[in-house]
Amino acid sequence: IDGGEMLIRVLEQEGIHEVFTLHGGHLDAIYQAARGRKMRWIDTRHEQAAGHAADGWARTTGRVGVALVTAGPGVTDVVTAVTNAYLDCIPTLFIGGAAPLRDAETLPLQGGFDQLALMRPITKWAHRISHTHRIPDLVAQALRVATTGRPGPVFLELPIDVLFSRVDEQKVV
């Protein structure tokens, strides 16, 4: 299975039924895995809308708000929503696409800056997933961090090569 399938399975197991997003190619494995599932995907016109909608969803429902955005400008466009969630202790999960790990230092399309450095001061936890088989446990950890203690936003960066890679389903915990 690929990383998109693993991510969707964790969201389902954790009771996440709504995801706010703006489609971006860096995240296609997730969208493909979600086809036919009973999750509600709200595709917005702008990443800012996806971020604020996830924050608003969490505020009004008491459940974790989830926003998926593409790399680079998609990530920078959710900064205000992430900051609002941080200041008001709102449990949210922001997932941002990223260039392939092998291209991280070559100024790739929709990249070329340190997305984690941008997110660390305004989240409870910001982390890059660098191995496909770690997607399930790191997404589950991010959701725990967002909801325990002082609630707040978390950010996971998912490089496209990690997300699209396939691993033996039997080896995934």
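Look up: the structure comes first, before these words.
A brief structural summary.

Reading the values: the criteria
- Residues numbered from 1 in each chain as written.
- Predicted model: local features only at pLDDT ≥ 70, side-chain atom pairs only at ≥ 80, totals over all residues.
- Heavy atoms only, no water.
- Axes fitted to C-alpha atoms, helices over the stretch in contact; angles between N-to-C directions.
- Helix = DSSP H or I, 4+ residues; strand = E, 2+ residues; numbered from the N terminus.
- Parallel < 35°, antiparallel > 145°, perpendicular 65-115°, else oblique.
- Contact = heavy atoms within 4.5 Å.
- Nonpolar A, V, L, I, M, F, W, Y, C, P; charged D, E, K, R; others polar.
- Core = buried A, V, L, I, M, F, W, Y, C linked by side-chain atoms within 4.5 Å.
- Buried < 20%, exposed > 50% of the residue type's maximum accessible area, 1.4 Å probe, protein only.
- Pairing = 2+ DSSP bridges.

## Here's the deal with the packing of helix α3 (residues 47-61) against helix α5 (residues 79-87)
Where α3 contacts α5, the axes come no closer than 7 Å and their chain directions differ by 25°. One element, α3, and the other, α5, form an angle in the roughly parallel class. Across the interface between the two elements, G51, H52, D55 and R59 of α3 pack against T80, A81, N84 and A85 of α5. Considering only residue class, the contact of α3 with α5 consists of two nonpolar, four polar and two charged.

## As for the nonpolar core
Counting residues in each nonpolar core, the largest one holds 36 residues, and the members touching the most others are L7, L11, L93, V139 and L158. Contributions of two or more residues to this core are made by α1 (3-13), α2 (28-34), β3 (65-69), β4 (92-98), α7 (135-147), β6 (153-159) and α8 (160-164). Looking at this core element by element, the count peaks at eight residues for α7. Every residue in contact with L93, bar those within four places of it in the chain, is listed here: L11, V64, G65, V66, A67, V139, A142, L143, V154 and L156. Core analysis: the next-biggest nonpolar cluster, separate from the first, contains 16 residues, F20, W57, A67 and I122 among them.

## Examining the pairing of β3
Judged by how many residues are buried, β3 sits mostly within the fold: five of five residues are covered. What you see with β3 is no split at all: G65, A67 and V69 on one side and V66 and L68 on the other are buried throughout. As paired elements, strand β1 (residues 18-21) and β3 share two bridges and run parallel to each other. In the sheet register, F20 faces β3, and the bridge partner there is A67. Relative to β4, β3 runs parallel, the two sharing five bridges. Each bridged residue has a counterpart across the sheet, and for A67 the counterpart in β4 is F94.

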